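# Examining the three-dimensional arrangement
Given next are the chains, with one letter for each unit.
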Amino acid sequence: MLSERQLEVVLAVVYDYIQTGEPVGSRTLSKKYLTGRSAATIRNEMSDLEELGYLVQPHTSAGRIPTSRAYRLYVDTILQRRRAPHPEAERWISDLREQRRDVEGALAYISQLLTRVTQYVSVATLAPFQEIRLLRVDFLRMDSTHALAIVVVEGGLVHHKMIAFPCEVRQEELETLSRRINAVMVGRTWNEARNDLLQYVMSELREKEGNCRAAISEMDGLLSVQPFRFYRGGAHHLLAMPDFKDLGRLHAVFSLLEEESALVELVDNCTLNGTLTVTIGEENPEERMHDCSVVLATANAGGRKAILGLIGPVRMNYESSIAVLETVLEGLREDDGSEEEQRHVH
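Residues numbered from 1 in each chain as written. Predicted model: local features only at pLDDT ≥ 70, side-chain atom pairs only at ≥ 80, totals over all residues. Heavy atoms only, no water.

This part takes up unusual backbone geometry. Despite not being glycine, Q119 has its phi angle at roughly 70°, a positive value. Of note, Q119 is situated in the loop between α6 (103–118) and β3 (121–126). A residue is classified by how much of its surface remains accessible, and Q119, at 38% relative accessible area, is partly exposed. (Helix = DSSP H or I, 4+ residues; strand = E, 2+ residues; numbered from the N terminus. Buried < 20%, exposed > 50% of the residue type's maximum accessible area, 1.4 Å probe, protein only.)

This is the structure in structure tokens:
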């Protein structure tokens, strides 16, 4: 547990290093931030914080720079306080609310906006239907072996698909299946409900197992196969950052941004609607991201879960990036009468 003075020193070192990119000395802290502390006192605290893993000294005669542990403390601290809105916040929110009916167009706009304002790499995407909460399923019999599956998902969007059954099916049987599916799935995602439905088919509807399996399989196809579609921008900004002068680091990040599967894995960690996650340096499971930090957040948009994010160096301006992202989310997020969403940090 850090003392109050040690906490002040850590936060001041992180803040100054984000601003300047230069190792921070005790004299700098004493003059700029901790004016009531002597340089000697701060120097002793910095030495202790180095032993505790919050600071490192790149050279004997240099000041200290923060570790990922110090950045985590800094991020956790700023997330606990209210941030001042960006001067253009009202205009962004107004523009986004006009575009919400065209969700994909809004995401393309957001991607460019985030990049332009922060100078970091932006990512915007819609989650697959399988992660959206289901509201209702109905089956409409078309002929003896075909029915139309009608699926209503969160946000009121309706999706439908023709199902071919391996044997004859009656409307009463379809209604029974519909009731069971609705009983199991209401308020849950398809991922959560699928296995329970299959178990029900095996135990309760064995005589109609083929038809029921066909229905569930077709719904699985409807709700699970939609891929992520990524909108991204600003990768070229990394070229101008001193943090990526090492070409090996730069190439590693660029290669990840070009891989759809790697981006899917990146955003898969952001699954709860309304959360904001910050992953710093080596906290990222993907080794190529160990020199980067990722800020991701979600909102319900047009009945789909939209995932927005920023990728920058570990020395990114977290406070500004989070404030911009939260402003954009406010414009994209649908009004649902809920209280302010809870934030969650990894």
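Here the focus is the pattern of salt bridges. Counted under the stated rule, the structure contains 15 salt bridges. R64 serves as the salt-bridge partner of E50, at 3.1 Å between the closest nitrogen and oxygen. Residue E50 is found in helix α3 (residues 39–51), and its partner R64 is found in the loop between β1 (55–56) and β2 (65–66); the two are separated by 14 residues along the sequence. Accessibility expressed as a relative area gives 11% for R64, which makes it buried. Residue D243 is joined to R315 by a salt bridge in which the shortest nitrogen-to-oxygen separation is 3.2 Å. Here the residue D243 occupies a position in the loop between β7 (231–233) and α10 (247–257), and R315 occupies one in the loop between β10 (304–313) and α12 (318–332), the gap between them amounting to 72 residues. Among the charged side chains, a network of salt bridges with common partners joins R72, D76 and E283. (Salt bridge = Lys/Arg side-chain N within 4 Å of Asp/Glu carboxyl O.)

What follows is about the packing of helix α1 (residues 4–20) against α3. Here α1 crosses α3 at 85°, and the two axes come no closer than 10 Å. Between α1 and α3, the crossing angle belongs to the class labelled roughly perpendicular. The segment α1 lies against α3, with R5, Q6, V9, V10 and V13 engaging T41, I42, E45, M46, D48 and L49. For the contact of α1 with α3, a count of residues per class yields six nonpolar, two polar and three charged. (Axes fitted to C-alpha atoms, helices over the stretch in contact; angles between N-to-C directions. Parallel < 35°, antiparallel > 145°, perpendicular 65-115°, else oblique. Contact = heavy atoms within 4.5 Å. Nonpolar A, V, L, I, M, F, W, Y, C, P; charged D, E, K, R; others polar.)

Right, let's talk about the pairing of strand β5 (residues 146–153) for a bit. Pairing geometry for strand β4 (residues 134–143) and β5, over eight bridges, is antiparallel. Looking across to β5, one finds that R141 is bridged to A147. Hairpin connection of β4 to β5: two residues between the antiparallel strands. (Pairing = 2+ DSSP bridges.)

This next bit is on the side chain of T67. Here T67 lies in the loop between β2 and α4 (68–79). Since its relative accessible area comes to 17%, T67 is described here as buried. A distance of 2.7 Å separates a polar atom in the side chain of T67 from the backbone oxygen of G53. What T67 contacts, discounting residues up to four positions off in sequence, is G53, Y54, L55 and V56. (Polar contact = N/O pair within 3.5 Å; in protein donor to acceptor, adjacent residues only side chain to side chain.)

Counting through the fold element by element, D16 comes out in helix α1. Taking the relative accessible area as the measure of exposure, D16 reaches 4% and is therefore buried. Within polar-contact distance, the side chain of D16 engages the side chain of K32 at 2.7 Å. Leave out the neighbours within four places in its chain, and D16 touches G21, V24, T28, K32 and Y33.

Okay, the layout of surface pockets next. Taken as a whole, the second largest pocket spans an internal volume of roughly 480 Å³. In terms of lining residues, the second largest pocket is bounded by 19 residues, among which Y17, D243, R249, D291 and V314 are the most central. Breaking the lining of the second largest pocket down by element, the ones donating at least two residues are α1, β2 and α4. The residue inventory of the lining of the second largest pocket, partitioned by class, reads eight nonpolar, six polar and five charged. (1 Å grid on protein atoms, 1.4 Å probe; cavity = no way out; pocket = protein on both sides within 12 Å on 5 of 7 lines; lining within 4 Å. Points joined across faces, edges and corners; volume = space filled by probe spheres on them.)

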